[in-house]
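Here is what each chain is made of, one letter per residue.
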Amino acid sequence: MNTQAQYLKTIYLVQEAADGPASTGAIADRLGVSPASANEMIGKLEERGLADHEKYKGVSLTDDGISRARDALQTYCIIERFLWEVLEVEDFQAEARQLESVIDETVAERLDTIIDRKDCCPDCFDAETDACELLEVEVTSGPAD
Amino acid sequence: MSLTQPVASDHQLARLLQIGMVLEEVVEARAHKHYEALGDDELDPEIVALLEDAAEESGEHRRRLESLVDELDADPVAYEEIETLVAARYESDTDFDGVLYDQLCNEETAYKFYDDLIAAIEGSAIEFTIDRERLIEVLEAIRAEERDGVEEVTELMERRR
């Protein structure tokens, strides 16, 4: 997943949680980058018609931005579910974050052919736990066989 | 500015190589399933040969990756396990055009994966347990074969138009 996709996913999750524009600080925090870096990328997203940035209010994704963000989130969900279901990685959130920049959307699509992802994806993603809500239910009962 | 992370540890490298193994296992298992589902009646000899080659090549790639994973003291992913997962979600209504398209996706995906992985290793300053030169050599050789595979399937698709 490239840098743009990671930003779109993050802005989407922050704006959904806030039920309004996402603050630059919250975006930077979640991505572990400086506010200056976040601002630079947000400017690029604006130029590409993927986001609108209003001073003192924050960033909102455009319809095109939301669509791409949801695709990126879906890719992330595939990586997490693959790590959990197939490789039985307990700390799958942390590993997914490390791997997401190396795992491309096309690679994730192949991994998707062997996991049991639900049709509601990515709406079942819980930003608080950084995991699929449906997966959390399984997490409490231990890794899959 | 980039969020792209170079490979930061032996553990992460092993995980990525495991993912490579799984991708190869998916190719191999899907090639077998295609043949099983359609058989000689539906598939012409050229496509049967392509599927056999793809399965054989993936098996070979898997073994090369497994030897790297072993050196990193991580567990390889059992082929039988992936074969079961592929079978569970395999859709048998694929026709021969679908088979070719699937093979093209397999080869393109594998090429992209190894390309990104090599870049992430080259961007890393970590000294891995495994010899870096050999690691890159193995991955580059596999990547080259995936690139040839993309060309082979594309040519076959063009000939059938």
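Predicted model, so just to flag it, every value in this text is computed and none were measured. (Residues numbered from 1 in each chain as written. Chains lettered and ligands numbered in written order. Predicted model: local features only at pLDDT ≥ 70, side-chain atom pairs only at ≥ 80, totals over all residues. Heavy atoms only, no water.)

J.: Kindly report on the packing of aromatic side chains, identifying the contributing residues and their values.
T.: Going through the model one piece at a time under the given rule, you end up with three aromatic pairs over all chains. Geometrically, the ring pair formed by Trp84(A) and Phe92(A) is tilted, given 5.5 Å between the ring centres and 55 degrees between the ring planes. Ring centres 5.4 Å apart and planes at 75 degrees place the aromatic pair Phe113(B) and Tyr114(B) in the edge-to-face group. Residue classification places Phe113(B) among the buried positions, given a relative accessible area of 0%. According to the relative accessible area criterion, Tyr114(B) is buried, its value standing at 1%. (Phe/Tyr/Trp six-rings, centres within 6.5 Å; stacked < 30°, edge-to-face > 60°. Buried < 20%, exposed > 50% of the residue type's maximum accessible area, 1.4 Å probe, protein only.)

J.: Tell me about the interface of chain B and chain A, residues and numbers included.
T.: Facing the 30 residues of chain B at the interface are 30 residues of chain A. A buried area of about 2,600 Å², summed over both sides, lies between chain B and chain A, and 65% of it is on carbon and sulfur atoms. Here chain B is connected to chain A by three salt bridges. In this structure, the salt-bridge partner of Glu95(A) is Arg15(B), at a minimum N-O distance of 2.6 Å. Elements with a contribution of two residues or more to the side of chain B that touches chain A: α1 (10-42), α3 (79-89) and α4 (96-122) of chain B. Within the side of chain B that touches chain A, the residues separate by chemical class into 15 nonpolar, eight polar and seven charged. (Contact = heavy atoms within 4.5 Å. Buried area = accessible area lost by both parts, 1.4 Å probe. Salt bridge = Lys/Arg side-chain N within 4 Å of Asp/Glu carboxyl O. Helix = DSSP H or I, 4+ residues; strand = E, 2+ residues; numbered from the N terminus. Nonpolar A, V, L, I, M, F, W, Y, C, P; charged D, E, K, R; others polar.)

J.: Tell me about the environment of Ile82(B), and please be specific about residues and values.
T.: Within the fold, Ile82(B) resides in helix α3. Through-space distance from the C-alpha of Ile82(B) to that of Glu28(B) is 9.7 Å; in sequence the pair is 54 residues apart. Other than its neighbours up to four places away in sequence, Ile82(B) contacts Val86(A), Ile114(A), Val22(B), Glu25(B), Val26(B) and Val77(B).

J.: Just give me the short version of the confidence of the model for chain A, but keep the residues and values in it.
T.: Residues and elements named next belong to chain A. In the predicted model, chain A carries a mean pLDDT of 89, and 93% of its residues have values of at least 70. Strand β2 (residues 58-61) holds the highest mean pLDDT among the elements of chain A, 96, whereas helix α7 (residues 133-139) holds the lowest, 66. Within the model, pLDDT remains below 50 along residues 139-145, and this stretch shows 10 contacts once partners closer than five positions in the same chain are excluded. (pLDDT = per-residue confidence, 0-100.)

J.: Tell me about the packing of helix α2 (residues 24-31) of chain A against helix α3 (residues 35-47) of chain A, and please be specific about residues and values.
T.: Residues and elements named next belong to chain A. At a closest axis distance of 9 Å, the pairing of α2 and α3 adopts a crossing angle of 110 degrees. By the angle between their directions, the pair α2 and α3 is classed as roughly perpendicular. Residue-level inspection shows Thr24, Ile27 and Ala28 of α2 in contact with α3, the latter providing Pro35, Ala38, Asn39 and Ile42. Classifying every residue of the contact of α2 with α3 by side-chain character gives five nonpolar, two polar and no charged. (Axes fitted to C-alpha atoms, helices over the stretch in contact; angles between N-to-C directions. Parallel < 35°, antiparallel > 145°, perpendicular 65-115°, else oblique.)

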